[in-house]
Amino acid sequence: MKPKTPGTPGPLRLFAVIAYDLMLLLSVLLIAGFVAVALNGGEAIGANNPVFVIYLLAVCIFFYGWFWTHGGQTLGMRAWRVYLMSHGQVGISWKQAFMRFSIAIISFLALGLGFVWLWLSKEKLSWHDLFSGSQLVYFPKEDIG
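Numbering of residues begins from 1 in every chain and follows the order in which that chain's sequence is written. pLDDT decides what is reported in this predicted model: residues at 70 or higher carry local features, side-chain atom pairs at 80 or more are listed and counted, and totals for whole chains, interfaces and linings draw on all residues regardless. The side-chain values count all of the structure's non-hydrogen atoms but skip hydrogen atoms and water molecules.

Peer 1: What am I meant to see in the overall build of the protein here?
Peer 2: Helix numbering and strand numbering both begin at the N terminus, where a helix is a DSSP run of H or I of at least 4 residues and a strand a DSSP run of E of at least 2. Regarding its fold elements, the protein presents six helices and three strands. Counted from the first residue to the last, the protein has its helices and strands arranged as α-α-α-β-β-α-α-α-β. Reported as C-alpha extents along the three principal axes, the dimensions of the protein are approximately 55 × 35 × 25 Å. Counted over contacts in the protein with a minimum sequence separation of 6, partners at least 24 positions apart contribute 65%. Note on areas: these come from Shrake-Rupley sampling with a 1.4 Å probe, and a residue is covered only by the protein chains present in the view. Surface exposure of the protein reaches about 8,900 Å², of which carbon and sulfur atoms provide 72%. Here the protein contributes 10 positively and 6 negatively charged side chains, and the mean placements of these two sets differ by 8 Å. Contacts were defined at the residue level, with two residues in contact if any of their heavy atoms lie within 4.5 Å. For this count, His and the chain ends are skipped, Lys and Arg are scored as positive, and Asp and Glu as negative. Charged side chains are reduced to one point each, which is NZ for Lys, CZ for Arg, CG for Asp and CD for Glu.

Rendered as C-alpha cells:
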C-alpha cells in the first residue's frame, strides 16, 4: 500500500511524532537498563560507564532502525501518518538508518539546526534526510487506502 500524494510534515506534526516516539524509547531504555543491572549482579551501573552508554546508544539505534527498515514508520509516525521514504519507496536500508540516526544526533547537538533546516531549505530536507538519502513525508488520511 503506497499513498498517493505526499507532503512535508509540519513542525507540530513532527514534534508530536518525536514526543510519542520518545515516550516509547524511554520505556525501551528502562527495560534495557533493568537487563543491564540484572546482568551486573543487581549492582548499579555508573552513569559515565562507556560500555553502558554505548549499549544504550545501540538500543536507540536498533529501536529506530528496526521501525525505519520494516515499514518506514515508528509507532509515532504511524499515529501521525508520517512515512520515511527513500527513492520513492517506503522504508530505508540499515545503512541509511545508521546514517540518519548519526546525523540526527549531530543535528540535535548543533542546537537543532539540522532539524530546522527542513523548513529553511528549498528541497525541504533536514540534514539527516540529505545525508541518508531519505525523507519524511505526510499523507493526509483521505490519500491512504
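Having seen the structure, we can now continue with the description.
Peer 1: Would you explain unusual backbone geometry in this entry?
Peer 2: Glycine aside, residues mostly have negative phi angles, and peptide bonds mostly take the trans form. One non-glycine residue, Arg-81, lies in the positive phi region at around 55 degrees. Even without being a glycine, Leu-111 presents a positive backbone phi close to 60 degrees.

Peer 1: Help me out: how do you make sense of the pairing of strand β1 (residues 82-86) in this one?
Peer 2: Strand residues, when the strand is regular, have side chains that alternate between the two faces of the sheet. Working definition: with a 1.4 Å probe on protein chains only, accessible area under 20% of the residue-type maximum means buried, over 50% means exposed, and in between means partly exposed. Summarising burial for β1: five of the five residues are buried, a large majority. Covered by surrounding structure in β1 are Val-82, Leu-84 and Ser-86 together with Tyr-83 and Met-85, the residues of both alternating faces. When DSSP locates at least two bridges between a pair of strands, those strands are taken to pair. Summarising the sheet, β1 and strand β2 (residues 89-90) pair through two bridges and their orientation is antiparallel. Bridging across to β2, Met-85 finds its partner in Val-90. What sits between β1 and β2 in their antiparallel hairpin is a turn of two residues, with His-87 showing a positive phi close to 55 degrees.

Peer 1: What am I meant to see in helix α4 (residues 94-109) here?
Peer 2: In an α-helix there are 3.6 residues to a turn, and that puts residues three or four apart on one side. Here α4 spans 23 Å end to end across 16 residues, near enough to the 22 Å set by a 1.5 Å rise per residue. Looking at α4, one finds that the buried residues are Gln-96, Ala-97, Arg-100, Phe-101, Ile-103, Ala-104 and Ser-107. For α4, the secondary structure elements touched by its buried residues are α2 (50-69), β1, α5 (113-120), α6 (127-132) and β3 (135-138). Here, expected helix span is obtained from the residue count minus one, scaled by 1.5 Å.

Peer 1: Is there a simple way to think about a nonpolar patch on the surface in this case?
Peer 2: Within this analysis, patches are made of residues with over 30% relative accessible area and no salt bridge. Like charges are joined at 9 Å or less; nonpolar side chains (Val, Leu, Ile, Met, Phe, Trp, Tyr) at 5 Å or less. For this analysis, a salt bridge means a side-chain nitrogen from Lys or Arg found within 4 Å of a carboxyl oxygen belonging to Asp or Glu. Residues Met-99, Leu-113, Val-116, Trp-117, Leu-120, Leu-130 and Phe-131 make up a contiguous nonpolar surface patch of roughly 630 Å² in combined accessible area. Those elements that provide at least two residues to the nonpolar patch are α5 and α6. Here the nonpolar patch takes four residues from α5, the largest share from any one element. As for its placement among the helices and strands, Leu-120 is situated in helix α5.

Peer 1: Hey, could you run me through the nonpolar core in this one?
Peer 2: Here is a general trend for soluble globular proteins: nonpolar side chains tend to be buried in one another's company. Formed by 17 residues in total, the largest nonpolar core has its most connected members in Tyr-64, Trp-68, Met-77, Leu-84, Phe-101 and Leu-136. Taken together, the elements giving at least two residues each to this core come down to α1 (11-39), α2, β1 and α4. For this core, the leading source of residues is α2, giving six residues. In this description, a nonpolar core means a group of buried Ala, Val, Leu, Ile, Met, Phe, Trp, Tyr and Cys residues linked to one another through side-chain atoms lying within 4.5 Å.

Peer 1: Even after reading the chapter, I still don't get the packing of α1 against α2, so can you show me in this structure?
Peer 2: The relative placement of two packed helices comes down to the angle between their axes together with the axis-to-axis distance. Interaxial distance between α1 and α2 falls to 10 Å at its minimum, and their mutual angle equals 135 degrees. Classed by the angle they form, the pair α1 and α2 counts as oblique. Like other packed secondary-structure pairs, α1 and α2 cross with a definite hand, here right-handed. Judged by residue contacts, Asp-21, Leu-24, Leu-25, Val-28, Leu-29, Ala-32, Gly-33, Val-35 and Ala-36 of α1 engage Phe-52, Tyr-55, Leu-56, Val-59, Cys-60, Phe-63 and Tyr-64 from α2. As a rule, the C-alpha atoms of each element are fitted with a line to give its axis, helices using only the stretch in contact, and angles between N-to-C directions run from 0 to 180 degrees. To sort the angles, those under 35 degrees are grouped as roughly parallel, those over 145 as roughly antiparallel, those from 65 to 115 as roughly perpendicular, and the leftovers as oblique. Less than a right angle of anticlockwise turn of the near helix away from the far helix marks a crossing as left-handed, whereas a clockwise turn marks it as right-handed.

Peer 1: Explanation requested: the side chain of Arg-100 in the structure shown.
Peer 2: Structurally, Arg-100 is set in helix α4. Residue class for Arg-100 comes out buried when judged on its relative accessible area of 3%. Polar contacts, as used here, are pairs of N or O atoms within 3.5 Å; protein pairs need one atom able to donate a hydrogen and one able to accept it. Residues neighboring in sequence count only if both atoms are side-chain atoms. Polar side-chain contacts of Arg-100 include one of 2.7 Å to the side chain of Asp-129. For Arg-100, the contacting residues outside a window of four places in its chain are Trp-68, Leu-84, Ile-92, His-128, Asp-129, Ser-132, Ser-134 and Leu-136.

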